[in-house]
Amino acid sequence: MIKEKAPGKLYIAGEYAVVENGFPAILVALNQFVYCTIEPSTNGVGQILSHQYQNNAVQWHRQGDQMVVDQRDNPFSYILSAIQVTEEYARTLNQPLQVYNLQIDSELDSASGKKYGLGSSAAVTVATVKALCKFYNLPVNKDQIFKLAAIAHFSVQGNGSLGDVAASVYGGWIAYHSFDRQWLAEQRKFLDLTTLLNLPWPNLNIESLTAPANLALVIGWTGKPASTSQLVDKISLFKAREQAKYHQFLDASRRCIQRMVEGFHNSDLNIIKQEIRYNRSLLQKLAERSGVQIETPLLKKLCQIAEEFGGAAKTSGAGGGDCGIVAIDGHADLKAMVDQWESNQIERLPLAVHFVDNVQRYTVTIK
Ligand code: PMV
Ligand code: MG
């Protein structure tokens, strides 16, 4: 029996801008996991199952006479895509394919089947790729796992930055620059996977960061799940309509992340906090201009309370629900802050940063 796990993640800053080719974001991997178990089938029939995904429904809407099914929020789409891509890789290495039972156990989905917004689709993709590579004895390093999982995830969601996949593969705090996905889609048509995995991917850049010792990361969950893919769709409508304003946002976000990365290099919590606040204001302006609700009333409350205690807070990821993050001095009265959250129906998620293989700082060889 093979068992592998992949961590969930949260965005710290740079959301939405990172969807554009080469733009940066900062993310962190968390110690909450998706597990994937594989064992050979004994009767020639395979099963793919998960206790957490039993109540998953398929979303669809009508376009004229057409029924359009949105597979992007269905975890099975990511599992199947991860299997397809990893088996394609196995075939290029002449590994015979097998029939197996695959089980997913997710800590990233609450008992009631709700998502916390901790990157469950990325983590389930990474966990499946890792488990299958082990099952088929494929020689892979982290860079290759990232590329396989990114290809699998991108072929389902189609509009994401893949920063969540990077956080799940590399762990810790990272600065992630998104690669050129149009280039990838082109190359996929005529290069085999082994070649593609060993090529440098344009603009892809991942840097491991070290957080200052006095930085405490506090996470609040607002209880309402949000669909990242649908929120990104809405922002791309704004991009089409208001190109100049959209580019202003992109440039300001890029500079903000550059300064924040410098803050990490200099272990300067104040700079990091300042840029988290500035990034929040950029996202608020984007929301206002596009009419997309990023900061829900409860996320606003979460931030207000955190600010009262000296924290710098913002929505994490696409917003519209899910989680908010706070960077705060570890000596602040965190308990009082969390108590105030709880009396406002904001749940603290008691999670810690997860370092893959216990490596806190590493040099990413990926190009
Ligand atoms: O809501 P999350 O945690 O899935 O984050 C989405 C972040 C975006 O930048 C809006 C989209 C992306 O793929 O990077
Ligand atoms: Mg989200």
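Calculation criteria
- Residues numbered from 1 in each chain as written.
- Chains lettered and ligands numbered in written order.
- Predicted model: local features only at pLDDT ≥ 70, side-chain atom pairs only at ≥ 80, totals over all residues.
- Heavy atoms only, no water.
- Buried < 20%, exposed > 50% of the residue type's maximum accessible area, 1.4 Å probe, protein only.
- Helix = DSSP H or I, 4+ residues; strand = E, 2+ residues; numbered from the N terminus.
- Pairing = 2+ DSSP bridges.
- Phe/Tyr/Trp six-rings, centres within 6.5 Å; stacked < 30°, edge-to-face > 60°.
- Salt bridge = Lys/Arg side-chain N within 4 Å of Asp/Glu carboxyl O.
- Contact = heavy atoms within 4.5 Å.
- Axes fitted to C-alpha atoms, helices over the stretch in contact; angles between N-to-C directions.
- Near = heavy atom within 4 Å.
- Polar contact = N/O pair within 3.5 Å; in protein donor to acceptor, adjacent residues only side chain to side chain.
- Areas by Shrake-Rupley, 256 points an atom, 1.4 Å probe, with all protein chains shown as cover.
- Core = buried A, V, L, I, M, F, W, Y, C linked by side-chain atoms within 4.5 Å.
- Parallel < 35°, antiparallel > 145°, perpendicular 65-115°, else oblique.
- Left-handed = near helix turned anticlockwise from the far one by under 90°.
- Nonpolar A, V, L, I, M, F, W, Y, C, P; charged D, E, K, R; others polar.

K.L.:
Any details on the pairing of strand β7 (residues 173-177)? Residues and values, ideally.
P.N.:
The buried fraction of β7 amounts to four of the five residues, a majority that puts the element mostly inside the structure. In this sheet, β7 lies alongside strand β2 (residues 24-40) in antiparallel orientation, the contact comprising five bridges. Across the sheet, residue V28 finds its bridge partner in β7, namely W173. As paired elements, β7 and strand β8 (residues 205-209) share five bridges and run antiparallel to each other. The partner of A175 across the bridge, within β8, is E207.

K.L.:
Can you tell me about the packing of aromatic side chains, naming the residues and giving the values?
P.N.:
Two aromatic rings, taken as a pair, are described by how far apart their centres are and by the angle between their planes. Scanning the model with the defined rule gives 14 aromatic pairs in all. Here the aromatic rings of Y100 and F135 are separated by 5.3 Å at their centres, their planes lie at 70°, and the arrangement is edge-to-face. In this pair, Y100 sits in strand β6 (residues 100-106) while F135 sits in helix α2 (residues 120-135), placing the two residues 35 residues apart along the sequence. On the accessibility criterion, Y100 (9% relative accessible area) is buried.

K.L.:
Run through the pattern of salt bridges, naming residues and quoting values.
P.N.:
On inspection of all chains with the given rule, the structure shows 11 salt bridges. Put simply, E20 and K239 hold a salt bridge, and the shortest N to O gap is 3.0 Å. Within this pair, whereas E20 is found in the loop between β1 (2-13) and β2, its partner K239 is found in helix α7 (residues 228-241), the two being separated by 219 residues in sequence. On the basis of relative accessible area, E20 is assigned to the buried category, the value being 17%. Measuring nitrogen to oxygen at the nearest pair gives 3.7 Å for the salt bridge that ties K245 to E242. A residue is classified by how much of its surface remains accessible, and K245, at 33% relative accessible area, is partly exposed.

K.L.:
Can you tell me about the sheet that holds strand β11 (residues 323-329), naming the residues and giving the values?
P.N.:
Reading across the sheet, the four strands line up as β10-β11-β9-β12 and stay open at both edges, with antiparallel pairing between neighbours. In this open sheet, the two strands that pair with only one neighbour each are β10 (312-315) and β12 (347-348). Its contacts with the sheet put helix α9 (residues 269-290) on β9 (215-221), β10 and β11, and the angle it makes with β10 is roughly 35°. The sheet contacts of helix α11 (residues 334-342) involve β9, β11 and β12, and relative to β9 the element is tilted by about 10°.

K.L.:
Tell me about the site of ligand 1, and please be specific about residues and values.
P.N.:
Taken together, the neighbourhood of ligand 1 is formed by 13 residues, with Y11, Y16, S161, T228 and A318 sitting nearest. One nitrogen or oxygen atom from the side chain of S161 is found 2.5 Å from an oxygen atom belonging to ligand 1. The separation between an oxygen atom of ligand 1 and a polar main-chain atom of A318 is 2.8 Å. Starting from 380 Å² of accessible surface for ligand 1 in isolation, the protein chains cover 94%. At the level of elements, β1 and α7 are the ones that each hand at least two residues to the shell around ligand 1.

K.L.:
Can you explain the pairing of β11? Please cite residues and give values.
P.N.:
Regular strands have side chains that alternate between both faces of the sheet. Most of β11 is tucked away: six of the seven residues are buried. Taken together, the four bridges between β10 and β11 define a ladder with antiparallel strand orientation. Looking at β11, one finds that A312 is bridged to A327.

K.L.:
Give me the nonpolar core: which residues, what numbers.
P.N.:
Grouped together as the largest cluster of nonpolar side chains are 107 residues, with contacts concentrated most on Y16, F146 and Y176. Among the elements that take part in this core, α2 stands out by supplying 10 residues, more than any other. In contact with Y16, not counting residues within four places along its chain, are L231, V232, I235, Y246, F249, L283, L286, I294, G317 and A318. Within the second largest apolar cluster, 15 residues are counted, among which are A216, V218, M337 and I346.

K.L.:
Let's hear about the packing of helix α10 (residues 297-308) against α11: which residues, and what values?
P.N.:
At a closest axis distance of 9 Å, the pairing of α10 and α11 adopts a crossing angle of 155°. Taken together, α10 and α11 sit at an angle that is classed as roughly antiparallel. The interaxial crossing formed by α10 with α11 has right-handed handedness. Contacts between α10 and α11 involve L302, I305, A306 and E308 on the former and, on the latter, M337, Q340 and W341. Residue composition of the contact of α10 with α11, by class: five nonpolar, one polar and one charged.

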